[in-house]
Amino acid sequence: DSAISNEQSVTSTGFPAVVNGVTVNTSNINQMYSSTGCMIESAPENPRDETRQIYYSNDTTPGNSGGPIYITETYNGQTYKTVVAITTSSPYDSEDYNIGTRITTELLRFFKFNSNF
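Everything numeric in this text was worked out from a predicted model, so none of it was measured. (Residues numbered from 1 in each chain as written. Predicted model: local features only at pLDDT ≥ 70, side-chain atom pairs only at ≥ 80, totals over all residues. Heavy atoms only, no water.)

A.B. asks: Explain the overall build of the protein chain to me, using residue names and the numbers behind them.
C.D. replies: Each helix and strand in the protein chain was counted, giving one helix and eight strands. Along the protein chain, helices (α) and strands (β) appear in the sequence β-β-β-β-β-β-β-β-α when read from the amino end. In the protein chain, 50% of the contacts between residues at least 6 apart in sequence involve partners at least 24 apart. Carbon and sulfur atoms provide 51% of the accessible area of the protein chain, an area that totals close to 7,700 Å². (Helix = DSSP H or I, 4+ residues; strand = E, 2+ residues; numbered from the N terminus. Contact = heavy atoms within 4.5 Å. Areas by Shrake-Rupley, 256 points an atom, 1.4 Å probe, with all protein chains shown as cover.)

A.B. asks: Outline the packing of aromatic side chains, listing residues and values.
C.D. replies: The tally for this structure, following the rule as stated, stands at two aromatic pairs. Judged by centre distance (6.2 Å) and plane angle (45°), the rings of Tyr 75 and Tyr 80 are tilted. Overall, the relative accessible area of 46% leaves Tyr 75 in the partly exposed class. Plain terms: the ring middles of Phe 110 and Phe 111 are 5.6 Å apart, the flat faces sit at 65° to each other, and that makes the pair edge-to-face. (Phe/Tyr/Trp six-rings, centres within 6.5 Å; stacked < 30°, edge-to-face > 60°. Buried < 20%, exposed > 50% of the residue type's maximum accessible area, 1.4 Å probe, protein only.)

A.B. asks: How would you sum up the side chain of Ser 35? Please name residues and give values.
C.D. replies: Structurally, the position occupied by Ser 35 is in strand β4 (residues 33-40). The residues contacting Ser 35, other than those within four sequence positions of it, are Val 10, Thr 11, Ser 12, Asn 58 and Asp 59.

A.B. asks: Describe the sheet that holds strand β8 (residues 98-102), and please don't skip the residues or the numbers.
C.D. replies: The six strands are arranged β1-β4-β5-β8-β7-β6 in a closed barrel whose pairing can be described as antiparallel. Neighbour to neighbour, the strand axes of the sheet diverge by 45° on average, direction disregarded. In terms of strand pairing, strand β5 (residues 53-56) meets β8 through four bridges, oriented antiparallel. Among the inter-strand pairings, Tyr 56 is bridged to a residue of β8, identified as Asn 98. (Pairing = 2+ DSSP bridges. Axes fitted to C-alpha atoms, helices over the stretch in contact; angles between N-to-C directions.)

A.B. asks: Requested: an account of the confidence of the model for the protein chain, with residues and values cited.
C.D. replies: Counting all residues, the mean pLDDT for the protein chain is 76, and 69% of those residues have values of 70 or more. Here strand β2 (residues 18-19) stands out as the least confident element of the protein chain, with mean pLDDT 70; strand β6 (residues 68-75) is the most confident, with 88. (pLDDT = per-residue confidence, 0-100.)

A.B. asks: Tell me about the environment of Glu 73, and name the residues and values.
C.D. replies: Structurally, Glu 73 can be placed in strand β6. Assessed through its relative accessible area of 24%, Glu 73 is described here as partly exposed. Setting aside chain neighbours within four positions, we find Glu 73 in contact with Gln 8, Gln 78, Thr 79, Tyr 80 and Thr 82.

Structure (structure tokens):
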């Protein structure tokens, strides 16, 4: 619930339809892409619900939805990746940020203990 902060580096991973403004060639459609950016404060026109959303500057497009947004940290020489959110949306009128659904304790419990999955 508190592992992320503003301006922390985050990476998103997925199978986007567009990479750097170019439509992905059908021969590369199954290739996974990652982009790195940082957490940002909420956009003025769309204040963030701190408990449920994160905003980040990574480039994501359709195809990234449902993919992980993670932070990378190093402790005692070991590198760890921790998923902090799931890619959910990108406002059509903004190229400045994207939105992810934050992985909270409540949401993690829902996934772990839901017998419908």
